[in-house]
Amino acid sequence: MKKFFFTLLLLTGLSSAFAQAPIIKTLEGEDITNTYQICRAENDEQLYFMQYHFNVCNESSADMVIDFHKTTLVEVEGTANAFCFAGNCVAPGVNEMLGVNIAAGSAAEFISDYMGNGIEGVTQVKYEFTANGETNFVVVSYIIGDYDGLEDMPSLNVEAKLYPNPVESVATFECDLNNNAELHIYSCTGQKVALYQLNQGMNKIDIYADNFNSGLYICSVVMNGQVVVTKKMIVK
């Protein structure tokens with residue numbers, strides 16, 4: 001019986017060592033796993049070339065093999081996005097890198113290169129890192145020009161309204177869709193706080209914001225795995 005419990009504890013320990021997903025952190029150590037980040041052109045040079053750096057961390061006690069996938073959610077025509085991961089760089093148009101090994105307790109740097117070519121607009125890219133059957137992500141919005149973060153991001157032929165905004169108790173979200181979708185609501189730290197099912201056609205959803213803490217929230221409509229419109233909601 002003692003041997004059985006020892007074996008069970010050993011297997012449980014091994015399972016926990018291998019079950020963790022990669023953690024995404026800034027170079028300064030801030031956890032940005034499953035969050036939305038902004039990279040804005042601040043000078044003339046960045047109108048043509050911007051970089052966004054972060055670390056992909058293995059905080060488990062075992063080596064981790066990571067599969068990376070890149071999805072461009074919204075793209076400004078005439079721009080390009082490439083990346084380097086764990087010292088390996090690829091050309092624009094390459095959207096994945098498989099089998100990247102990160103040792104236990106180590107991290108690999110990820111560098112995103114955005115070639116904006118001086119064209120105003122917002123390109124939004126989702127970077128996903130999968131290990132042990134679990135996926136974590138970070139979404140980066142590359143902004144050139146006078147766009148107010150996520151609220152003014154172009155949508156993919158989807159009209160949406162969010163009112164009142166700012167909101168104290170109940171906000172209403174309206175959108176007209178050509179397919180079924182989901183409305184995801186995230187806090188500014190990337191925590192998902194609400195999920196609503198949307199149907200093809202006109203949707204009108206009441207968001208009970210009095211259940212939320214005061215602050216900024218991101219409301220994204222996701223259709224077929226793609227973000228088609230994003231709104232910013234401020235809760236008083």
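Conventions adopted
Residues numbered from 1 in each chain as written. Predicted model: local features only at pLDDT ≥ 70, side-chain atom pairs only at ≥ 80, totals over all residues. Heavy atoms only, no water. Core = buried A, V, L, I, M, F, W, Y, C linked by side-chain atoms within 4.5 Å. Buried < 20%, exposed > 50% of the residue type's maximum accessible area, 1.4 Å probe, protein only. Helix = DSSP H or I, 4+ residues; strand = E, 2+ residues; numbered from the N terminus. Contact = heavy atoms within 4.5 Å. Polar contact = N/O pair within 3.5 Å; in protein donor to acceptor, adjacent residues only side chain to side chain. Disulfide = S-S within 2.5 Å. Pairing = 2+ DSSP bridges. Axes fitted to C-alpha atoms, helices over the stretch in contact; angles between N-to-C directions. Salt bridge = Lys/Arg side-chain N within 4 Å of Asp/Glu carboxyl O.

Visitor: Sorry if this is basic, but what is going on with the nonpolar core here?
Guide: Buried together is how nonpolar side chains tend to be arranged in soluble globular proteins. By size, the foremost hydrophobic cluster in this structure holds 28 residues, and its most contacted members are Phe 54, Phe 85, Phe 110, Tyr 127, Phe 129 and Tyr 142. Of all the secondary-structure elements, those providing two or more residues to this core are strand 3 (50-57), strand 4 (64-74), strand 5 (80-85), strand 7 (96-102), strand 8 (107-115), strand 9 (121-131) and strand 10 (134-144). Not counting chain neighbours up to four residues away, the residues in contact with Phe 129 comprise Pro 22, Ile 24, Phe 54, Val 56, Ile 66, Asp 67, Phe 68, Phe 85, Phe 110, Glu 134, Thr 135 and Asn 136. Ala 160, Leu 177, Met 233 and Val 235 belong to the second largest nonpolar core, which has 25 residues in total.

Visitor: Could you clarify how one ought to interpret the environment of Glu 42 in this entry?
Guide: Position of Glu 42 among the secondary structure elements: in the loop between strand 2 (35-40) and strand 3. On the basis of relative accessible area, Glu 42 is assigned to the exposed category, the value being 62%. Each C-alpha atom, one on Glu 42 and one on Ile 143, is 9.5 Å from the other, the two residues being 101 residues apart in sequence.

Visitor: It is not clear to me how the environment of Asn 165 should be interpreted in this structure. Could you clarify?
Guide: Mapped onto the fold, Asn 165 is located in the loop between strand 11 (159-163) and strand 12 (170-177). A distance of 2.7 Å separates a polar atom in the side chain of Asn 165 from the backbone oxygen of Lys 232. At 3.0 Å, the side chain of Asn 165 forms a polar contact with the backbone nitrogen of Ile 234.

Visitor: What should I look at first to understand the state of the cysteines in this one?
Guide: Counting across every chain of the model gives one disulfide. The disulfide that involves Cys 84 links it to Cys 89, with 2.0 Å between the sulfurs. Across the S-S bond linking Cys 84 and Cys 89, the dihedral sits near 110°, which makes this disulfide right-handed.

Visitor: Even after reading the chapter, I still don't get the sheet that holds strand 8, so can you show me in this structure?
Guide: Backbone hydrogen bonds are what pair the strands of a sheet, in a parallel or an antiparallel way. One open sheet accounts for five strands, arranged 1-3-8-5-6; its pairing is antiparallel. The open sheet has two edge strands, strand 1 (23-25) and strand 6 (88-90), and neither has a second partner. For this sheet, the mean inter-axis angle between neighbouring strands, taken without regard to orientation, is 25°. Relative to strand 8, strand 5 runs antiparallel, the two sharing six bridges. From the neighbouring strand, Ala 80 faces strand 8, where its bridge partner is Met 115.

Visitor: Before we go on, may I ask you to explain the pairing of strand 4 in this structure?
Guide: Both faces of the sheet carry side chains from a regular strand, because those side chains alternate between them. Alignment of strand 4 against strand 7, held across five bridges, turns out to be antiparallel. Across the sheet, residue Phe 68 finds its bridge partner in strand 7, namely Met 97. Here seven bridges tie strand 4 to strand 9, and the two strands are oriented antiparallel to one another. Paired with Val 74 across the two strands is Gln 124, which belongs to strand 9.

Visitor: Honestly, the pattern of salt bridges in this entry has me stumped. Any pointers?
Guide: Two side chains with opposite charge may pair up if their charged atoms get near one another. What the rule picks out here adds up to three salt bridges. Two residues, Lys 25 and Glu 59, come together in a salt bridge whose shortest N-O distance is 2.7 Å. Of this pair, Lys 25 sits in strand 1 while Glu 59 sits in the loop between strand 3 and strand 4, and the two are 34 residues apart along the sequence. By relative accessible area, which is 44% here, Glu 59 ends up partly exposed. For Lys 236, the salt bridge is made with Glu 168, and the minimal N-O distance between the two is 4.0 Å. Of this pair, Lys 236 sits in the segment after strand 17 (226-235) while Glu 168 sits in the loop between strand 11 and strand 12, and the two are 68 residues apart along the sequence.

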